[in-house]
Amino acid sequence: MRVTLSSYMIPELIVFFTAMIPFLELKLSIPLGLELGLSSTTTFLFSMAGSLIPPTIILAVIGPLSSWARKKSKYMDKFFTNLFRKTRKEHTKKFNRYGSLFIIALIAIPLPGSGSTTGALVAFIFGVDYWKSISMVCAGIACSAILLTAGFESVFALLDLFT
């Protein structure tokens, strides 16, 4: 008897929890959901929902956590001071001009290392407001989910033609 993950958990939850894996997120959960036999709409919705949770938590926790670390350690204070000063000094003009589009594109384009977690960290480094960051992450995730769902549907359809 072959035991699989889908025998322990419904496919929707597998897709939902898979979408929470940082840096893989939708790039893994969407093809997995389609391969598990879920419709593209169901896969899209559960992948988006799962992918929203890590950046929301990161954005809520990283500010207070970095403040606490800066108070407790001179090294961490120096690290964050240099990180914020250097990043904001060198890239503020570009970020003020293209910031929202950059974060949305960083999340939406399915490249290795990009995604909602990376977008949330970039938004934190540049000091973007929490709710504005969340809205940019949501927009990026939606664009990415649309691109990946359409792409994998097409690839799987082509593979079915040749097999």
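Read on for a plain summary of the structure.

The rules behind these values
Sequence order as written defines the numbering, with residues in each chain counted from 1. Selection of residues for local features in this predicted model requires a pLDDT of at least 70, selection of side-chain atom pairs for listing and counting requires 80 or more, and totals for whole chains, interfaces and linings are taken over all residues. The side-chain figures draw on all heavy atoms in the structure; neither hydrogens nor water molecules are used. The numbering of helices and of strands both runs from the N terminus, where a helix is a DSSP run of H or I of at least 4 residues and a strand a run of E of at least 2. One less than the number of residues in a helix, times 1.5 Å, gives the span that helix is expected to have. Exposure classes here rest on a 1.4 Å probe applied to the protein chains alone. A residue is buried below 20% of its type maximum, exposed above 50%, and partly exposed in between. What makes two residues a contact is simply this: any of their non-hydrogen atoms within 4.5 Å. Only a pair of cysteine sulfur atoms within 2.5 Å qualifies as a disulfide here. Think of it this way: a Phe, Tyr or Trp ring, Trp meaning its six-membered ring, pairs with another when their centres are within 6.5 Å, and the plane angle makes it stacked under 30 degrees, edge-to-face over 60, tilted otherwise. Here a polar contact is recorded for every N or O atom pair within 3.5 Å, except that within protein the pair must consist of a potential hydrogen donor and a potential acceptor, and residues adjacent in sequence are included only if both atoms are side-chain atoms. Simply put, an axis is a line fit to the C-alpha atoms, just over the touching stretch for a helix, and the angle between two N-to-C directions goes from 0 to 180 degrees. Should an angle lie under 35 degrees it is considered roughly parallel, over 145 roughly antiparallel, and from 65 to 115 roughly perpendicular; all remaining angles are considered oblique. In a left-handed crossing the near helix is turned counterclockwise from the far helix by less than a right angle, and in a right-handed crossing that turn is clockwise. Three classes are used: nonpolar for Ala, Val, Leu, Ile, Met, Phe, Trp, Tyr, Cys and Pro, charged for Asp, Glu, Lys and Arg, and polar for all others, with Gly counted as polar.

## Things to note about helix α6 (residues 130-162)
Taking 1.5 Å of rise per residue, the 33 residues of α6 would be expected to cover 48 Å, and the 47 Å separating its terminal C-alpha atoms lies within 8% of that figure. The set of residues buried in α6 consists of Ser 133, Ile 134, Met 136, Val 137, Gly 140, Ile 141, Ser 144, Ala 145, Leu 148 and Thr 149. Structurally, α6 contributes buried residues whose contacts are with α2 (25-35), α3 (40-72), α4 (74-108) and α5 (116-125).

## Some thoughts on unusual backbone geometry
A positive phi angle, near 70°, is found at Phe 23, a position not held by glycine. The residue Phe 23 is located in the loop between α1 (11-18) and α2 in this model. Judged by relative accessible area, Phe 23 falls into the partly exposed class, the value being 40%. Its identity as a non-glycine residue notwithstanding, Glu 25 has a phi of 35°, on the positive side. Structurally, Glu 25 is set in helix α2.

## Quick look at the state of the cysteines
Scanning all chains against the criterion turns up 0 disulfides. Of the cysteine sulfurs around Cys 138, a residue in no disulfide, the closest is that of Cys 143, at 11 Å. Taking relative accessible area as the criterion, Cys 138 reaches 30% and is therefore assigned partly exposed. Owing to a relative accessible area of 35%, Cys 143 belongs among the partly exposed residues under this scheme.

## Section: the packing of aromatic side chains
By the definition in use, this model includes 7 aromatic pairs. Seen in terms of ring centroids, Phe 16 and Phe 17 are 5.3 Å apart; in terms of plane orientation they differ by 75°. Their pairing is edge-to-face. Look at Phe 16 and you get buried, because its relative accessible area is 17%. On the basis of relative accessibility, which here comes to 42%, the residue Phe 17 falls in the partly exposed class. An angle of 0° between the planes, with centres 4.2 Å apart, marks the rings of Phe 95 and Phe 126 as stacked. Residue Phe 95 is found in helix α4, and its partner Phe 126 is found in the loop between α5 and α6; the two are separated by 31 residues along the sequence. Across the pair, exposure class does not vary: Phe 95 and Phe 126 are buried alike.

## Considerations on the side chain of Thr 117
Of note, Thr 117 is situated in helix α5. Within the structure, the side chain of Thr 117 is placed 2.8 Å from the side chain of Glu 25, a separation counted as a polar contact.

## Looking at the environment of Phe 124
For Phe 124, the location among the structural elements is in helix α5. Distance from Phe 124 to Phe 152, taken between C-alpha atoms, is 31 Å for residues 28 residues apart in sequence. When neighbours within four sequence positions are excluded, Phe 124 is seen to be in contact with Leu 59, Ile 62, Gly 63, Ser 66, Phe 84 and Arg 88.

## Here we look at the packing of α3 against α4
When two helices pack together, their arrangement is given by the angle between the helix axes and by the axis-to-axis distance. Viewed as axis vectors pointing N to C, α3 and α4 meet at an angle of 130°, and their least axial separation amounts to 5 Å. The pairing of α3 with α4 is recorded here as oblique in orientation. When the axes of α3 and α4 are compared, the crossing they make is left-handed. Contact residues: α3 offers Ser 66, Ala 69, Arg 70 and Lys 72, while α4 offers Lys 74, Met 76, Asp 77, Phe 80, Thr 81 and Phe 84. Residues belonging to the contact of α3 with α4 are distributed by class as follows: 4 nonpolar, 2 polar and 4 charged.

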